[in-house]
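Architecture and fold: a report
Letter by letter, the chains look like this.
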2 protein chains.
Amino acid sequence: MEQLKVIKIGSHLINDAPALEEFLTIFTAIEGKKVLVHGGGSAATEIAQKMHLEVKMIDGRRITDSETLDIATMVYAGKVNKTIIAQLQAKDCNAVGFSGADGNTILAQKRLVKEVDYGWAGDILKVDTEILEVLLSRKLTPVFCAITHDGKGQLLNTNADTLAAELAIAFSKNYATDLYYCFEKKGVLINLADDNSVIENMNSIGYEDLKIQGIITGGMLPKMKNCFYAVQNGVQKVCVGQPEMLQNSTRLCTTITN
Amino acid sequence: MEQLKVIKIGSHLINDAPALEEFLTIFTAIEGKKVLVHGGGSAATEIAQKMHLEVKMIDGRRITDSETLDIATMVYAGKVNKTIIAQLQAKDCNAVGFSGADGNTILAQKRLVKEVDYGWAGDILKVDTEILEVLLSRKLTPVFCAITHDGKGQLLNTNADTLAAELAIAFSKNYATDLYYCFEKKGVLINLADDNSVIENMNSIGYEDLKIQGIITGGMLPKMKNCFYAVQNGVQKVCVGQPEMLQNSTRLCTTITN
């Protein structure tokens, strides 16, 4: 099977223009088939503030009302996605921007209301990679923002980590797929105070231990959940670390396998 | 040669949700290969106002400073484009959104500074339809906003009428291409006070006469310039009128040939 890399970048790169530029140089240099997924960064919050919109939170989670969805669509699918595409073109990486609505690639549904109505938040139902594979075979590189749609005309705001995992799983049918989560740390740390205390390899048994010991907590839990969801559904391996892990396979990072 | 239709819709449809919905139903029903180009509507101005940005004008023309370009990118490539894509998907028209940066389809340059610096306004240099033709052959429908790029990482704000004309010209190499400009009137009028005084057929000789007589003036002049530019560069015909002209070939509209 041919190799494919799905690479997700988070806010710390989107918010920092020189760091983003540096990442895109690393990304362009990756040989073979690749897909980029990006989050939104803080621009959406800044624009909401400039427009004097209140950010609605319940239990620390943001609620996507109609105005928040509009801003997310404008910032993620508009400014962030097109800025990345233009910069990749300047580096001779022929990229094409996608939301899940484009080509009906990612169908989602509004998150079901249990205790909390999260508004226009979308949970992914189905990924169709056919048109993406046509583009990849012609040396084009899809770049996804985390906006999806419900097939009935409604756009939905989706978690970018989850979207990257779902894309990688769908590609695994036809490609030997690796998933990379680039974030600010060198990997999953055993000691948060020591940036070099990276757990180099993790499987689901080791992960359960680390959870019980209280070493993996907080914001890392949903990220890890996406990692294991991916490797348990066909993705070869998931790597978590800084963008340099894409350049140099000996670079410290956390590699997750089933 | 196979037929292709390039259809451009303007602000009056983008600003009016029920009218846009109605247009998209008509658009979906068009058989064969088609490409949609949309302008931005008034949303960009509204958002600029909410963010307390001043709209800069020189001689009645808007100047695209960096903040205006950001808003144009957010609104045109983000909100407007993705809203149209999601609505088309709901109608089973499998659409893919494009800016000129995506797939390097439309390369432009910053408008040269003569008397006025129009800022980040782009004049089109080159259109590459290859990837668009791949999508069209797979029954996908490209939907363009009027944001382009300069190949050096800079996004540019481009006139949507001109972008539609340049796309139609580029497609004319491989398709028998018709270009449709949908606007609020039934066509080019001989008497602005009479909505039914449509000039049904126009060629370049007739057009020169109408200009001399002062019948075509103001905002219609740049639109007509794009029409004749298109038919003089390979486009079969250009039709100007209301969306219904796409449904019914006997419907009143202005048909422009060389």
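Treat the numbers as computed from the prediction; the structure is a model and nothing was measured.

What about the overall build of chain A?
Within chain A, the secondary structure is distributed over 8 helices and 14 strands. What you see for chain A is a C-alpha radius of gyration of 18 Å, in line with the 18 Å of a compact globule of 258 residues. Along the three orthogonal principal directions, the C-alpha set of chain A runs to about 45 × 45 × 35 Å. Counting only residues that meet the buried cut, chain A has 56% of its 258 residues in that class. Long-range pairs, those at least 24 residues apart, make up 70% of the contacts in chain A with a sequence separation of at least 6. Surface accessibility of chain A: about 11,100 Å² in total, with carbon and sulfur atoms responsible for 47%. Distance from the positive charge centre (26 side chains) to the negative charge centre (30 side chains) of chain A: 2 Å.

Describing the pattern of salt bridges
Pairing is possible between side chains of opposite charge, provided their charged atoms come close. All names here are of chain A. In this structure the tally under the stated criterion is 24 salt bridges over all chains. Note that Lys 91 is salt-bridged to Glu 21, the shortest N-O span being 2.6 Å. Separated by 70 residues along the polypeptide, Lys 91 in the loop between α4 (66–90) and β5 (95–98) and Glu 21 in helix α2 (residues 17–29) bring together distant segments of the chain. Among the residues examined, Glu 21 registers a relative accessible area of 37% and is labelled partly exposed. Between Glu 244 and Arg 251 there is a salt bridge whose closest N-O contact spans 3.9 Å. For Glu 244, a relative accessible area of 22% corresponds to the partly exposed category. Residue Arg 251 is classed as partly exposed on the basis of its relative accessible area of 28%.

A few points about the interface of chain A and chain B
Listed by partner, the interface residues are 40 residues for chain A and 40 residues for chain B. A buried area of about 3,100 Å², summed over both sides, lies between chain A and chain B, and 69% of it is on carbon and sulfur atoms. Of all residues in chain A, Met 51, Met 74 and Lys 82 of chain A bury the most surface against chain B, accounting for 19% of the area lost on that side. Between chain A and chain B we count 6 salt bridges in total. With a closest N to O distance of 3.0 Å, Asp 102 of chain A and Lys 82 of chain B form a salt bridge. For the pair chain A and chain B, the interface holds 10 residue pairs in polar contact (both at pLDDT 80 or more). Within the residue set of the side of chain A that touches chain B, elements represented by two or more residues are α3 (43–50), α4, β5 and α5 (130–137) of chain A. At 15 residues, α4 of chain A tops the list of elements feeding residues into the side of chain A that touches chain B. When grouped by side-chain class, the residues that make up the side of chain A that touches chain B number 17 nonpolar, 15 polar and 8 charged.

Quick word on the sheet that holds strand β13 (residues 237–241) of chain B
Residues and elements named next belong to chain B. The strand order across the open sheet built from 8 strands is β5-β8-β2-β1-β11-β13-β14-β12, with neighbouring strands paired in mixed fashion. The two strands at the open ends of the sheet, each matched to only one other strand, are β5 (95–98) and β12 (201–202). As judged from the 5 bridges shared by strand β11 (residues 176–182) and β13, these two strands associate in the parallel manner. Each bridged residue has a counterpart across the sheet, and for Cys 182 the counterpart in β13 is Gly 241. The strands that helix α4 (residues 66–90) touches are β1 (3–9), β2 (33–38), β5 and β8 (141–144); relative to β5, the one it contacts most, it runs at about 170°.

Quick look at the relation of the copies chain A and chain B
When chain A is brought onto chain B, the operation consists of a screw motion whose angular component is 180° and whose axial shift is 0.0 Å, with 0.0 Å RMSD remaining. Such a combination of turn and shift is consistent with a two-fold rotation axis. The fraction of interface residues of chain A whose copies in chain B are also interface residues reaches 100%, indicating that both copies meet through the same surface.

Here we look at unusual backbone geometry
Even without being glycine, Lys 139 of chain A reaches a positive phi, approximately 65°. On the accessibility criterion, Lys 139 of chain A (74% relative accessible area) is exposed. Although it is not a glycine, Asp 92 of chain B adopts a positive phi angle of roughly 65°. Within the element layout of this structure, Asp 92 of chain B appears in the loop between α4 and β5.

A word on the pairing of β5 of chain A
Residues and elements named next belong to chain A. Along β5, one buried face is formed by Ala 95 and Gly 97 and the opposite face, lined by Val 96 and Phe 98, is buried too. As judged from the 4 bridges shared by β5 and strand β8 (residues 141–144), these two strands associate in the parallel manner. Residue pairing across strands places Val 96 opposite Pro 142, the latter belonging to β8.

A word on the side chain of Thr 177 of chain B
Assignment of secondary structure puts Thr 177 of chain B in strand β11. Setting aside chain neighbours within four positions, we find Thr 177 of chain B in contact with Leu 4, Val 6, Ala 168, Phe 171, Ser 172, Val 235, Gln 236 and Lys 237 of chain B.

Quick notes on the sheet that holds strand β13 (residues 237–241) of chain A
All names here are of chain A. Here 8 strands make up an open sheet; going across it, the order is β5-β8-β2-β1-β11-β13-β14-β12 and the pairing mixed. With partners counted over all chains shown, the strands left at the sheet margins are β5 and β12 (201–202), one partner each. Bridge count between β12 and strand β14 (residues 254–256): 2 bridges; the pairing is parallel. The partner of Asn 201 across the bridge, within β14, is Thr 255. Sheet strands in contact with α2 are β1 (3–9), β2 (33–38), β8 and β11 (176–182), and its direction is about 155° off that of β2. Contacting β1, β2, β5 and β8, α5 runs over the sheet at an angle of about 125° to β2.

Thoughts on the state of the cysteines
Residue and element names in this part refer to chain A. Per the counting criterion, the structure on display carries 0 disulfides over all chains. Sulfur of Cys 239: no disulfide; nearest cysteine sulfur belongs to Cys 253 and is 4.5 Å away. When its relative accessible area of 10% is taken as the criterion, Cys 253 is described as buried.

Reading the values: the criteria
- Residues numbered from 1 in each chain as written.
- Chains lettered and ligands numbered in written order.
- Predicted model: local features only at pLDDT ≥ 70, side-chain atom pairs only at ≥ 80, totals over all residues.
- Heavy atoms only, no water.
- Helix = DSSP H or I, 4+ residues; strand = E, 2+ residues; numbered from the N terminus.
- Rg over C-alpha atoms; globule rule 2.2 N^0.38 Å.
- Buried < 20%, exposed > 50% of the residue type's maximum accessible area, 1.4 Å probe, protein only.
- Contact = heavy atoms within 4.5 Å.
- Areas by Shrake-Rupley, 256 points an atom, 1.4 Å probe, with all protein chains shown as cover.
- Lys, Arg positive; Asp, Glu negative; His and termini not counted.
- Charge placed at Lys NZ, Arg CZ, Asp CG, Glu CD.
- Salt bridge = Lys/Arg side-chain N within 4 Å of Asp/Glu carboxyl O.
- Buried area = accessible area lost by both parts, 1.4 Å probe.
- Polar contact = N/O pair within 3.5 Å; in protein donor to acceptor, adjacent residues only side chain to side chain.
- Nonpolar A, V, L, I, M, F, W, Y, C, P; charged D, E, K, R; others polar.
- Pairing = 2+ DSSP bridges.
- Axes fitted to C-alpha atoms, helices over the stretch in contact; angles between N-to-C directions.
- Least-squares fit on C-alpha atoms with pLDDT ≥ 70 in both.
- Disulfide = S-S within 2.5 Å.

Don't take any of this as a statement about function, it's just geometry.
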